[in-house]
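A structural walkthrough
Residue strings, one per chain:
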Amino acid sequence: VVRGLPTSEETYRTTVALPGIVPADDPSCTGTLISPRVVLTAAHCLAPVIWGLATQAEVTARTITVFDSLNTRDPAQGFIVTSLDTIVHPDWNGTIDNNWVDSSDLGVVVLSRPIEDRAPSPIVRDPAHDAVGTPFALVGYGADNLNDAIELAYGEKYVRENHPSITCETPNGFGDAVLSDATTICFDTQSGGTCSGDSGGPAFVDVAGIPTLAGATSFGTLGCDLYGVDTRVYAYRDWIDTVLIAA
């Protein structure tokens, strides 16, 4: 998260690192614990085509989730949980050759064991809670400056709080891409925001004092200095609920 602040051991404990399959020592993505056994992230973090793998089972076998680390480059921090399953939203159609605008960029990791020492993050159930202009807390293990993004040097857990969303339905620097406030949440990142490595990470909104998951980081403009786009969790709540029941 560019121009964010380091988190503490007591805050945002449901935000987790998903180390990249290649390379294995860098967190390529971020995720959020939404039930004791389920982590929500971006589809492109778990899709075989992105990683050059043939099957979803191969992705599952190589996916680990890191909890309670403030810096994944320090192996003494946090603990690792392996995966029982990984699931990509069935409507996701992104590839490494195009972006995934409005294409259901959500996926889940089903953990091999439940995490019961913290309350999972609830998801937004009322569309009024994540309306355009609402202030969000953006959390992730991604780059906190452009140089780190270029060099894939990241792994520290940062947060940028009180960052308001903007409408997605304006010219936005993505060429002919058409975005909708119904399915995406957009942010002006000229003064800071999500970047490489934050994919799948949470955009939390405060609901009655509880950080509630509203968005999962999807993509942004090159350089992380113009716009960032999250998949709007509310739009996919039925699919998420189906996955939670099955898990």
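Here, every reference points to the structure presented above.
Residues numbered from 1 in each chain as written. Predicted model: local features only at pLDDT ≥ 70, side-chain atom pairs only at ≥ 80, totals over all residues. Heavy atoms only, no water.

**Concerning the overall build of the protein chain**
Of the regular secondary structure elements, the protein chain holds four helices and 13 strands. Within the protein chain, the fraction of its 247 residues that count as buried is 53%. Contacts in the protein chain between residues far apart in sequence, at least 24 positions, make up 69% of those at least 6 positions apart. Working note: accessible area of the protein chain is about 10500 Å², and carbon and sulfur atoms make up 54% of it. (Helix = DSSP H or I, 4+ residues; strand = E, 2+ residues; numbered from the N terminus. Buried < 20%, exposed > 50% of the residue type's maximum accessible area, 1.4 Å probe, protein only. Contact = heavy atoms within 4.5 Å. Areas by Shrake-Rupley, 256 points an atom, 1.4 Å probe, with all protein chains shown as cover.)

**Side note on the nonpolar core**
Grouped burial of nonpolar side chains is what soluble globular proteins tend to show. Judged by nonpolar contacts, the single largest core of 20 residues is most densely connected at Leu33, Val39, Leu46, Phe67, Val109, Leu111 and Ile115. Contributing elements (two or more residues each) for this core: strand 2 (15-19), strand 3 (27-35), strand 6 (79-88) and strand 7 (107-111). Not counting residues up to four positions away in its chain, the partners in contact with Ile115 are Leu33, Pro36, Phe67, Phe79 and Val81. (Core = buried A, V, L, I, M, F, W, Y, C linked by side-chain atoms within 4.5 Å.)

**Side note on the sheet that holds strand 11 (residues 202-207)**
Paired through their backbone hydrogen bonds, the strands of a sheet run either parallel or antiparallel. Strand order in the open sheet made by the seven strands is 1-9-8-11-12-13-10, with antiparallel pairing throughout. On the outer flanks of this sheet lie strand 1 (5-6) and strand 10 (184-188), each paired with one strand and no other. Here strand 10 pairs with strand 13 (residues 227-232) via five bridges, running antiparallel. Across the sheet, Thr184 pairs through a bridge with Thr231, a residue of strand 13. (Pairing = 2+ DSSP bridges.)

**Overview of the state of the cysteines**
What the rule picks out here adds up to three disulfides. Two residues, Cys168 and Cys186, share a disulfide whose sulfurs are 2.2 Å apart. On the sign convention where negative means left-handed, the S-S torsion of about 115° between Cys168 and Cys186 marks this disulfide as right-handed. Placement of Cys168 in the loop between strand 9 (158-164) and strand 10 and of Cys186 in strand 10 is noted, with a sequence separation of 18 residues between them. (Disulfide = S-S within 2.5 Å.)

**Observations concerning the side chain of Ser199**
The residue Ser199 is located in the loop between strand 10 and strand 11 in this model. A polar atom in the side chain of Ser199 sits 3.0 Å from the side chain of His44. Setting aside residues up to four positions removed in sequence, Ser199 forms contacts with Cys29, Thr30, Thr41, Ala42, His44, Cys45, Thr217 and Ser218. (Polar contact = N/O pair within 3.5 Å; in protein donor to acceptor, adjacent residues only side chain to side chain.)

**Here's the deal with the pattern of salt bridges**
Per the stated rule, a full pass over the model turns up six salt bridges. Ionic pairing is found between Asp68 and Arg13, a salt bridge with its closest N-O pair at 3.3 Å. With Asp68 in the loop between strand 5 (64-67) and strand 6 and Arg13 in the loop between strand 1 and strand 2, this residue pair connects regions lying 55 residues apart in the sequence. Across the pair Asp117 and Arg13 runs a salt bridge, and its minimum N-O distance is 3.6 Å. Remark: Arg13 occurs in the loop between strand 1 and strand 2 and Asp117 occurs in the loop between strand 7 and strand 8 (135-140); sequence separation between them is 104 residues. The partly exposed category is assigned to Asp117, whose relative accessible area is 46%. Bridged by salt links that share partners, the residues Arg13, Asp68, Asp117 and Arg118 form one connected network. (Salt bridge = Lys/Arg side-chain N within 4 Å of Asp/Glu carboxyl O.)

**Focus on helix 4 (residues 237-246)**
Think of an α-helix as 3.6 residues a turn; residues three or four steps apart then line up on the same face. All buried positions along helix 4 are accounted for by Trp239, Ile240 and Val243. Relative to the axis of helix 4, the buried residues are bounded by an arc of 100° and lie together on one face. Among the exposed residues of helix 4, those oriented more than 90 degrees off its buried face are Asp238, Thr242 and Ile245. (Arc of directions from axis to C-beta.)

**Quick word on the environment of Asp181**
The residue Asp181 is located in the loop between strand 9 and strand 10 in this model. In sequence terms Asp181 and Ile166 are 15 residues apart; their C-alpha atoms lie 9.1 Å from each other. Not counting the four nearest positions on each side in its chain, Asp181 is found in contact with Val132, Ile166, Thr167, Cys168, Glu169 and Arg232. Of note is the side chain of Asp181, whose polar atom sits 2.7 Å from the side chain of Thr167. For Asp181, the side chain forms a polar contact with the main-chain nitrogen of Cys168, separated by 2.7 Å.

**Focus on the pairing of strand 4 (residues 38-41)**
A two-sided burial pattern is seen for strand 4, the buried positions comprising Val38 and Leu40 on one face and Val39 and Thr41 on the other. Sheet topology note: the strand 4/strand 7 ladder contains four bridges and is antiparallel. In the strand pairing of strand 7, Thr41 is matched with Gly107.

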